[in-house]
Amino acid sequence: MRLELDPPQGVGDVRIGMPIEAAEQLLEQLPGFVPPAPGERRNKGFAHYESELSISLDFDHRGVVRAVEVFRPEGDVQVLFQGISVFEQSADEVIARLADRYRMEIEDDGLNIAAPDVFIGFWRSVRPMGPEDESGRFFDSVLVAAPGYGD
């Protein structure tokens, strides 16, 4: 499966500004969707998949999607932004490729990275401690948001 990030419009067929219920229906139709187990409670707007991909929708008080966060899959899913595979390429490669095109904001010693002019942000829980350390080498999630999100 391929998911295209299209900030600030949305991710795949999920569009910023659409009703949360419609967006949830689209997420449930993606290949590998894992419905909640009996008795399991999930947050509204959250979907999980066999590939370990997760998608979380943020919505406003009217029930309108304002942001889509995609969490790193373990396999068989490619998440692309302008031809960059944001989870298959290292965080350093993603940053370098985006810095050639956009103004970048790097916060928390490289844990949070944003290209604010195109409404996309990346997060990782840790940074690698050295060249052999795989922890933090790749981003854990990417967020596509509406203009004004987080202000």
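Now for a look at the structure at hand. These numbers come from a predicted model, not from an experiment. (Residues numbered from 1 in each chain as written. Predicted model: local features only at pLDDT ≥ 70, side-chain atom pairs only at ≥ 80, totals over all residues. Heavy atoms only, no water.)

1. As for the packing of aromatic side chains
- Tallied over the full model, the rule gives three aromatic pairs.
- Both rings, one in phenylalanine 33 and one in tyrosine 49, keep their centres 5.9 Å apart while their planes meet at 65°; by these two values the pair is edge-to-face. Residue phenylalanine 33 is located in the loop between helix H1 (20-29) and strand E4 (46-48), and its partner tyrosine 49 is located in the loop between E4 and strand E5 (54-59); the two are separated by 16 residues in the primary sequence.
- Geometrically, the ring pair formed by phenylalanine 81 and tyrosine 102 is tilted, given 6.3 Å between the ring centres and 35° between the ring planes. (Phe/Tyr/Trp six-rings, centres within 6.5 Å; stacked < 30°, edge-to-face > 60°. Helix = DSSP H or I, 4+ residues; strand = E, 2+ residues; numbered from the N terminus.)

2. Section: H1
- Listed as buried for H1 are Ile20, Ala23, Glu24 and Leu27. Down the axis of H1, the sector holding all buried residues measures 100°, keeping them to one side.
- The secondary structure elements touched by the buried residues of H1 are strand E3 (14-15), E4, E5 and strand E6 (65-71). (Buried < 20%, exposed > 50% of the residue type's maximum accessible area, 1.4 Å probe, protein only. Arc of directions from axis to C-beta. Contact = heavy atoms within 4.5 Å.)

3. Details of the sheet that holds strand E1 (residues 2-6)
- Read from one edge to the other, the open sheet built from five strands follows the order E3-E2-E1-E7-E8, with strand pairing classed as mixed. Single-partner strands in this sheet number two, and they are E3 and strand E8 (84-85).
- Pairing between strand E2 (residues 10-11) and E3: two bridges, direction antiparallel. Bridge assignment links glycine 10 to a residue of E3, and that residue is arginine 15. (Pairing = 2+ DSSP bridges.)

Read these as spatial facts, not as claims about activity.
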